[in-house]
Amino acid sequence: VKAKLDGKPNQLKVLVLGAPGSGKTTQCERIVDTFRVVRVNVEELPFEIVNDASNVPKELVEESQSSIKKNSFSNEFQIKILKWRLNQQDCLERGWVVDGFPLKDVRIFDTEAIFPDYVIELHGVDDKIVKERIDGRRMNPDTHKIFHVRHNPPGDIKVVQIPKDKQVPNLAPYEQNITTIRNEL
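Computed from a prediction, not measured in an experiment: that's the story for all the values here. (Residues numbered from 1 in each chain as written. Predicted model: local features only at pLDDT ≥ 70, side-chain atom pairs only at ≥ 80, totals over all residues. Heavy atoms only, no water.)

J.: Help me understand the packing of helix H4 (residues 58-70) against helix H5 (residues 75-86), please; the structure alone is not making it clear to me.
T.: If you want to describe how two helices pack, look at the angle between their axes and the distance between the axes. The contact between H4 and H5 brings their axes to 11 Å, and the two run at 140°. When the interaxial angle is binned, H4 and H5 end up oblique. In this structure, H4 meets H5 at a crossing whose hand is left-handed. Between H4 and H5, the residues in contact are Glu59, Leu60, Glu63, Ser64 and Ser67 and Phe77, Lys80, Ile81 and Trp84, respectively. Of the residues belonging to the contact of H4 with H5, the class tally is four nonpolar, two polar and three charged. (Axes fitted to C-alpha atoms, helices over the stretch in contact; angles between N-to-C directions. Helix = DSSP H or I, 4+ residues; strand = E, 2+ residues; numbered from the N terminus. Parallel < 35°, antiparallel > 145°, perpendicular 65-115°, else oblique. Left-handed = near helix turned anticlockwise from the far one by under 90°. Contact = heavy atoms within 4.5 Å. Nonpolar A, V, L, I, M, F, W, Y, C, P; charged D, E, K, R; others polar.)

J.: What should I look at first to understand the pattern of salt bridges in this one?
T.: Where charged atoms from two side chains of opposite charge approach closely, those side chains can pair. Taken as a whole and judged by the stated rule, the model has seven salt bridges. Here glutamate 132 ties to arginine 150 by a salt bridge, and the two come within 3.7 Å at their closest N and O atoms. In this pair, glutamate 132 is assigned in helix H7 (residues 127-136) and arginine 150 in the loop between strand E6 (146-148) and strand E7 (160-161), connecting sequence segments 18 residues apart. Classification of glutamate 132 by relative accessible area gives partly exposed; the value is 26%. The class for arginine 150 is exposed, based on a relative accessible area of 60%. (Salt bridge = Lys/Arg side-chain N within 4 Å of Asp/Glu carboxyl O. Buried < 20%, exposed > 50% of the residue type's maximum accessible area, 1.4 Å probe, protein only.)

Written out as structure tokens, the structure reads:
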């Protein structure tokens, strides 16, 4: 990766894929720390749009509010907000790493400007480790920033258990989506 970046250190584009609890967010944070790219998390994006709507098209703010209220985030909506986010000035200038994938389809990457340079798939994590990771995850309900009770404690920040983490993760949708993505990328 470093060889490719000689002379262009700010335009790395990376897509990180993996099952729930595989370490996507941790690896994305390491990529951000190393390469100073922008981290874009698909699952956090609607909340970020609502929390800082100053430079966001009104339509996206309204769709984000509606999706959050219904707790339903369609593939089309996720594609729309992700395309919008990856075309913002900071992502265009510094590059990006996308976390919170996979979506059910990869139409997001139909233009060269937002096609990733690298796709990293995390797999092979032991089920016991995945369970421990998921059981320990916590989220700030206002910012949706993720913490872990052991590995990244929240300190004095208010956190709650992530609702979807209260149940055993269903990996079938992930496996179906990742197969589609492998075939199309």
